[in-house]
Amino acid sequence: MEFQVLDVDYVLVNEKPIVRVFGKNREGETVCGFYEGFMPYFYVTGDGLEEHLRGNPQVLSIEKVKRCLPVGYQEPSEVYKITLRNPAKTPEIRDMLRSKGYVPYEADILFKYRWMNDNGIGGMKWIKTTESNGIATTSVTAERKVQMKHLEAVEKDEDAPLKYMAIDIETVSDDAGKMPEAERDPVVLISLVFEPGFRGKKHIILSTRAGDGIDPCSDEKDMLKKLVDTLNEYDPDVITGYNINNFDMPYLIDRMRKNNVKPVFGRCTSKYVRYDKFANRYKITIIGRLMADSFQIVKSGWNLKRYGLDFVSKELLGEEKGDVKKSEIGKYWRGTQAEFKKLADYCLQDSRLAMNLLLKMKLLDKYVALAKISGSLLNDILGGGEIQRIENYLLREFNKAGYILPSKADRVPEENGNGEKKDSLKGGFVLEPKRGIHSMVLVLDFKSMYPSLIRTYNICPTTLVSDDKAEGVITTPLGARFVDRKTRYGIMPRILENLMAERGKVKKQMSQAEGRVFDSLNMKQLALKVMANAFYGYFGYSRAKIHNIAIASAITSLGRRTIQETVKTIEGEYGFEVVYGDTDSVMIKVPTENLDEAERMGRELSTKITEKLPGIMELEFEKIFKRFLPLTKKRYMAWSIERGKDGEWKEDVVMKGIETVRRDWCELTSETMCQIIEIILKHNDLKEAVKYFRDIVNKLLDGKIDIEKLVITKTITKRPDSYVGVQPHVEVIKKMMGRKALDIPGVGDRIGYVIVKGTQLLSKRAEDPSYVKDNGIKLDSNYYINNQLLPPLERIFGAIGVDREELLGMGKQMGLAEAINNHNHKHEQEQAAREPVIVSVNDVNGFLCSKCNRPYRRPPLVGRCECGGSFLFSSASGPADMVRIR
DNA sequence: TATTCGCGGGG
DNA sequence: GTGTACGCGAATA
């Protein structure tokens, strides 16, 4: 029989551990494989161990074995292998030995992972086993139960058919001013969506109120029982929902406890489903099933302005979500049958959308690929845990080669005594960008720089030289030394060689694949890349089992040296100007307007430089920036052109470190930024860009910008009176309450507001957009220019030498020639930044001297007051908005 | 210029 | 469970 691994755990039966593998076979049957006879063990170095363990009932055996210690180039040594009876007692023994000065190795490996690694089993991989009788009597639900006497891992790219179930709940509290609390507020509605369907149904809605299309429940306890029953009968492999990990599931578990309903709906019938809370977050454990929270996956995979289900569904699925205000759920629940129906539909819609996101957006695919490559269980990979992924992989590879891993240090050293700060690891080398807009810039990248460096210089804990050995030793820029590959091939370089070779193979397969096969190969290729790139950072991470700054900084120092020398070569030997570079990439300006010519130069540079690079280091020609505008280190924009798969040139606007969407920016800001970036890059016309900006400013001043584009949104999280500071969205609600407006937003609702003219504090001038429209109130164009448009745009214009004075057309004529010649107006810019800016002559009704405060209707021709002071403009909206012009 | 603070997502 | 695991922008020192 063959089946795919979904989850693994163990139980003690007659005081002996039995490993249980929960999975699915090709036919879609649930399988539970049992493995008996595997015992927990770890390693210890030191002498005279026996006397401390003699007579200890937990210890099954102590033997001396030959293993290589992980850090430092050395020969194998004799270590104790201690085998215990009970995995759970390991920490006790480990800590006792540690307190007596022994050093334990691999004494913190989860038992299931110990078993998996020793047997070559990984999450979502396939197991082949011979079926046999004599099934262990542990309480699990599975259609096929197998005693695994013999098992082997099978290479298989396909996936077993899985069953998915989405859950969403609604709760109602008496106090609409707070988030619901499980201690107090009941669950009133539960919607379940099935894929594939359950007894011919695509969904079920449970509620304590009866209604059309609803499975009525006598009370909350009855409803929760029905939920547990449905879960067990449908028996899903994957449970999803939107923020289910941090809301619905912990809430349901709490309510079950409260109502005396046993939370037993995993595939082990003797273990409760439970949650653990840490770092203000929940982790749900449902033995044998996968928890996949659509919200968490979307959040980590997409860069969006907001992550509410309504916004995300619209963006990713193109599906609109009908809205029920969070604060009005109680009203609907207690309302008419029609209102209740609306609430039930809303609940159903939420679980449908969570399901649609998971399936249509194939949210699991990337994680399945990562699980298969790394050997970790899918549940652990979905919970984040990059470290675990790597350490699992390392454990397997180190053990295969006869090495053992350290246990994690029991406390993390905050700083070492030498005054060094924790983890002062230097990163990549970043070249100071040459200011201005550059045309025809080649982009060349070092191919997988860090993995390639590790391979080229044989960097590994197992090759690190600590004594004065001199022969066959590679010295890195900061002094760390490693034996060469001939002396001993490191495990790290070997792992990376395999991962990179595998990726090459997959990419080749991709070239003749299409559809689903192509997609799955692409995911695999991506996962291989992610894994390969994760190893270098591992040694610099303070909680890693092998935390070693010497190794981490050996890698980055080699990186810095490599790119610096490459820049020198390009400028010295080839005479090209390198306008920017960061860690593993160089941007090179070339004297041609012709794309094919530039491409030829790029390829030639790549070949010639690669020839002289050591080992497998490779500098690749990536693409051409037709236009390249660096703002600062790590921030640039470019009009990029590269050859597509079909050999045709394909163009794209790329931005690094520049945000165009931010939750506290109105639409006008994002839109204007995009437009201006487009004009600068594609038209290369500064005048046009400035003109565009001024047009927007003028429209703003004339009230010609659609108010919708000026709305800023924020969620209200507490009751308005419980805010300490003054916040714009809260002020809006207070105003609405004051005038008894309809539809006043409540806690949890999003509030859109605009800033209007006035003399009060900024936050106090926030207003409800529809109120502004109805009453013809003037918006504060000053605010929109100074706080919304200028901050991001000034940075962009600043990079091409246009300061805010020129931008607003108030100072001297714009010196475009100067601008292009990279004039640095840094001092002026700094000064301007500290001062508010005049926005429009329309807005001005007088002048004041900045020194003596003498008012003028018109300024004297000399441009200064009699006392010598400069002028302040006083605007129509009064002294508070007074602005200075230089 | 570094460090703490607060909030998101969910009802 | 052989555990312990946000992440980023804003406000503040």
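Remember, predicted model here, so these are calculated numbers, not experimental data.

**Q** Give me the lowdown on the overall build of chain A, citing residues and values where you can.
**A** Broken down by element type, chain A carries 25 helices and 34 strands. Expressed as a percentage of its 886 residues, the buried residues of chain A come to 52%. Put simply, 66% of the contacts in chain A that link residues at least 6 apart link residues at least 24 apart. On chain A, roughly 41700 Å² of surface is accessible, and the fraction owed to carbon and sulfur atoms is 48%.

**Q** Quick rundown of the protein's contact with DNA strand C? Include the residues and the values.
**A** Close to DNA strand C lie 26 residues, the nearest being Ala107, Phe278, Ala279, Lys408 and Arg662. Separating a phosphate oxygen of DNA strand C from a side-chain N or O atom of Lys112 is a distance of 3.2 Å. Breaking the surface near DNA strand C down by element, the ones donating at least two residues are α2 (90-99), α3 (111-118), β16 (274-278) and β17 (281-285). Its residues placed into classes, the surface near DNA strand C shows 11 nonpolar, 1 polar and 14 charged.

**Q** Account for a positive patch on the surface, naming residues and giving values.
**A** Among the surface-exposed residues, Arg281, Lys299, Arg663 and Arg750 lie close enough to one another that they form a single positively charged patch. Residue classification places Arg750 among the partly exposed positions, given a relative accessible area of 35%.

**Q** Got a sec to walk through the sheet that holds strand β12 (residues 187-198)? Specific residues and values, please.
**A** The strand order β14-β13-β12-β11-β15-β18 describes an open sheet built from 6 strands, whose pairing is mixed. Sheet topology places β14 (215-216) and β18 (290-293) at the edges, where each strand pairs with a single neighbour. Where helix α5 (residues 244-258) meets the sheet, its contacts fall on β11 (164-171), β12, β15 (238-241) and β18, and the angle it forms with β11 comes to roughly 70°. This element, helix α6 (residues 294-301), spans β15 and β18 of the sheet and lies at about 55° to β18.

**Q** So what's going on with the pairing of strand β2 (residues 16-25)? Residues and values would help.
**A** With 9 of 10 residues buried, β2 is to be regarded as a mostly interior element. Of the pairings in the sheet, the one linking strand β1 (residues 2-13) to β2 comprises 10 bridges and is antiparallel in character. Note that in β2 the partner of Leu12 across the bridge is Pro17. Taking the residues that link successive antiparallel strands as the turn, the β1-β2 hairpin has 2 residues, and the phi of Asn14 there is positive, at about 50°. The pairing of β2 with strand β3 (residues 30-36) spans 7 bridges and is antiparallel. For Val21, the partnering residue across the bridge sits in β3 and is Gly33.

**Q** Got a sec to walk through the protein's contact with DNA strand B? Specific residues and values, please.
**A** Around DNA strand B, the surrounding shell holds 25 residues, and the nearest of these are Glu170, Lys178, Lys326, Val747 and Gly748. Protein-adjacent atoms of DNA strand B, using a 4 Å cutoff, are sugar or phosphate at a proportion of 58%. Contact distances for DNA strand B include 2.6 Å between a sugar or linking oxygen and a side-chain N or O atom of Glu170. Between a base oxygen of DNA strand B and a main-chain N or O atom of Val747, the distance comes to 2.5 Å.

**Q** Requested: an account of the side chain of Ser553, with residues and values cited.
**A** Considering the arrangement of structural elements, one finds Ser553 in helix α16 (residues 549-572). You can call Ser553 buried: its relative accessible area is 12%. Filtering out sequence-adjacent residues up to four positions away, Ser553 remains in contact with Leu425 and Leu478.

**Q** So what's going on with the packing of aromatic side chains? Which residues, and what values?
**A** Counting across every chain of the model gives 22 aromatic pairs. Ring plane angle 80° and centroid distance 5.8 Å describe the contact between Tyr41 and Tyr43, whose orientation is recorded as edge-to-face. Pair check on accessibility: Tyr41 and Tyr43 agree, each one buried. Between Phe194 and Tyr234 the ring centres are 4.8 Å apart and the planes differ by 55°, which places this aromatic pair in the tilted class.

**Q** If you had to explain the pairing of strand β13 (residues 201-207) to someone new, which residues and values would you point to?
**A** One ladder, built from 6 bridges, connects β12 with β13; its direction is antiparallel. Within the sheet, the bridge partner assigned to Ile190 lies in β13 and is Leu206. The hairpin formed by β12 and β13 contains 2 residues between the paired strands, and Arg199 there has a positive phi angle of roughly 50°.

**Q** Any chance you could break down the confidence of the model for chain A for me, citing the residues and the numbers?
**A** For chain A, per-residue confidence averages 87 on the pLDDT scale, and residues scoring 70 or more make up 89% of the total. Across residues 868-886, confidence stays below pLDDT 50; counting only partners more than four residues off in sequence or on other chains, it has 68 contacts.

**Q** Could you give an account of the environment of Met165, naming the residues involved and the relevant values?
**A** Residue position: Met165 is located in strand β11. A relative accessible area of 0% places Met165 in the buried class. Placed 132 residues apart in sequence, Met165 and Ile297 show a C-alpha to C-alpha distance of 16 Å. Excluding its chain neighbours within four sequence positions, the residues that come into contact with Met165 are Leu192, Val193, Phe194, Leu231, Tyr234, Pro236, Val238, Ile239, Thr240 and Met355.

**Q** I'd like a description of the pattern of salt bridges, backed by residues and values.
**A** A complete count under the given rule lists 56 salt bridges for this structure. Arg643 is the partner of Asp596 in a salt bridge, and the nearest nitrogen-oxygen pair spans 3.2 Å. Taken together, the positions of Asp596 in helix α17 (residues 595-612) and Arg643 in strand β26 (residues 635-643) put the pair 47 residues apart, joining distant regions of the chain. As a salt-bridge pair, Glu708 and Lys773 come within 3.3 Å of each other at their nearest N and O atoms. Here the residue Glu708 occupies a position in the loop between α19 (686-701) and β28 (712-715), and Lys773 occupies one in helix α21 (residues 769-775), the gap between them amounting to 65 residues. Classification of Glu708 as partly exposed rests on a relative accessible area of 44%. Each member of the salt-bridge network shares a partner with another, and the members are Lys24, Asp235, Asp237, Arg267 and Arg289.

**Q** Describe in detail the side chain of Thr566, supporting the description with residues and values.
**A** Summarising the element assignment, Thr566 is placed in helix α16. Other than its neighbours up to four places away in sequence, Thr566 contacts Phe446, Ile609, Leu613 and Leu619.

**Q** If you had to explain the sheet that holds strand β20 (residues 464-465) to someone new, which residues and values would you point to?
**A** Pairing is antiparallel across the open sheet formed by 3 strands, whose spatial order is β20-β22-β21. The sheet terminates laterally at β20 and β21 (473-475), the two strands that pair on one side only.

**Q** Describe in detail the nonpolar core, supporting the description with residues and values.
**A** Judged by nonpolar contacts, the single largest core of 198 residues is most densely connected at Trp115, Leu442, Leu499, Phe535, Ile588, Phe693 and Phe797. Considering each element in turn, this core owes the most residues, 11 residues, to helix α9 (residues 337-360). For Trp115, the residues in contact, after removing those within four places along its chain, are Val19, Val21, Tyr35, Phe38, Ile121, Met148 and Leu151.

**Q** Hey, could you go over the packing of helix α12 (residues 386-400) against helix α15 (residues 515-538) for me, with residue numbers and the actual values?
**A** One can describe the packing of α12 onto α15 by two numbers: an axis separation of 10 Å at closest approach and a directional angle of 95°. Relative to α15, α12 is oriented roughly perpendicular. Residues Glu386, Ile387, Arg389, Ile390, Glu391, Tyr393 and Leu394 of α12 form the contact with α15, whose own contacting residues are Val530, Met531, Ala534, Phe535 and Tyr538.

**Q** How would you explain helix α14 (residues 491-511) if you had to name every residue and give the values?
**A** Helix length check: α14 (21 residues) gives 31 Å between terminal C-alpha atoms against 30 Å at 1.5 Å per residue, within 8%. Taken together, the buried positions of α14 are occupied by Ile491, Met492, Pro493, Ile495, Leu496, Leu499, Arg503, Val506 and Met510. In this fold, the buried residues of α14 make contact with α10 (365-374), α12, α13 (449-456) and α15.

**Q** Give me the lowdown on the environment of Phe311, citing residues and values where you can.
**A** Along the chain, the position of Phe311 falls in helix α7 (residues 309-317). Residues Phe311 and Lys321, spaced 10 residues apart in sequence, show a C-alpha to C-alpha distance of 8.4 Å. With near-sequence residues (within four places) excluded, Phe311 lies in contact with Leu304, Lys305 and Arg306.

**Q** Can you explain the environment of Val31? Please cite residues and give values.
**A** Checked against the element boundaries, Val31 lands in strand β3. Not counting chain neighbours up to four residues away, the residues in contact with Val31 comprise Met1, Phe3, Val21, Phe22, Gly23, Lys24, Asn25, Ala142, Arg144 and Val146.

**Q** Mind laying out the packing of α13 against α14, listing which residues take part and the relevant values?
**A** Between α13 and α14, the least distance of the axes is 8 Å, while the angle of their chain directions is 130°. Between α13 and α14, the angle falls in the class oblique. By crossing handedness, the relation of α13 to α14 is classed as left-handed. Listed contacts from α14 to Pro451, Ser452, Ile454 and Arg455 of α13 are Met492, Pro493, Leu496, Glu497 and Met500. A breakdown of the residues in the contact of α13 with α14 according to their chemical character gives 6 nonpolar, 1 polar and 2 charged.

Procedures and definitions
- Residues numbered from 1 in each chain as written.
- Chains lettered and ligands numbered in written order.
- Predicted model: local features only at pLDDT ≥ 70, side-chain atom pairs only at ≥ 80, totals over all residues.
- Heavy atoms only, no water.
- Helix = DSSP H or I, 4+ residues; strand = E, 2+ residues; numbered from the N terminus.
- Buried < 20%, exposed > 50% of the residue type's maximum accessible area, 1.4 Å probe, protein only.
- Contact = heavy atoms within 4.5 Å.
- Areas by Shrake-Rupley, 256 points an atom, 1.4 Å probe, with all protein chains shown as cover.
- Near = heavy atom within 4 Å.
- Polar contact = N/O pair within 3.5 Å; in protein donor to acceptor, adjacent residues only side chain to side chain.
- Nonpolar A, V, L, I, M, F, W, Y, C, P; charged D, E, K, R; others polar.
- Patch = residues over 30% accessible without salt bridge, like charges linked within 9 Å, V, L, I, M, F, W, Y side chains within 5 Å.
- Salt bridge = Lys/Arg side-chain N within 4 Å of Asp/Glu carboxyl O.
- Lys, Arg positive; Asp, Glu negative; His and termini not counted.
- Charge placed at Lys NZ, Arg CZ, Asp CG, Glu CD.
- Pairing = 2+ DSSP bridges.
- Axes fitted to C-alpha atoms, helices over the stretch in contact; angles between N-to-C directions.
- Phe/Tyr/Trp six-rings, centres within 6.5 Å; stacked < 30°, edge-to-face > 60°.
- pLDDT = per-residue confidence, 0-100.
- Core = buried A, V, L, I, M, F, W, Y, C linked by side-chain atoms within 4.5 Å.
- Parallel < 35°, antiparallel > 145°, perpendicular 65-115°, else oblique.
- Expected span 1.5 Å × (residues − 1).
- Left-handed = near helix turned anticlockwise from the far one by under 90°.

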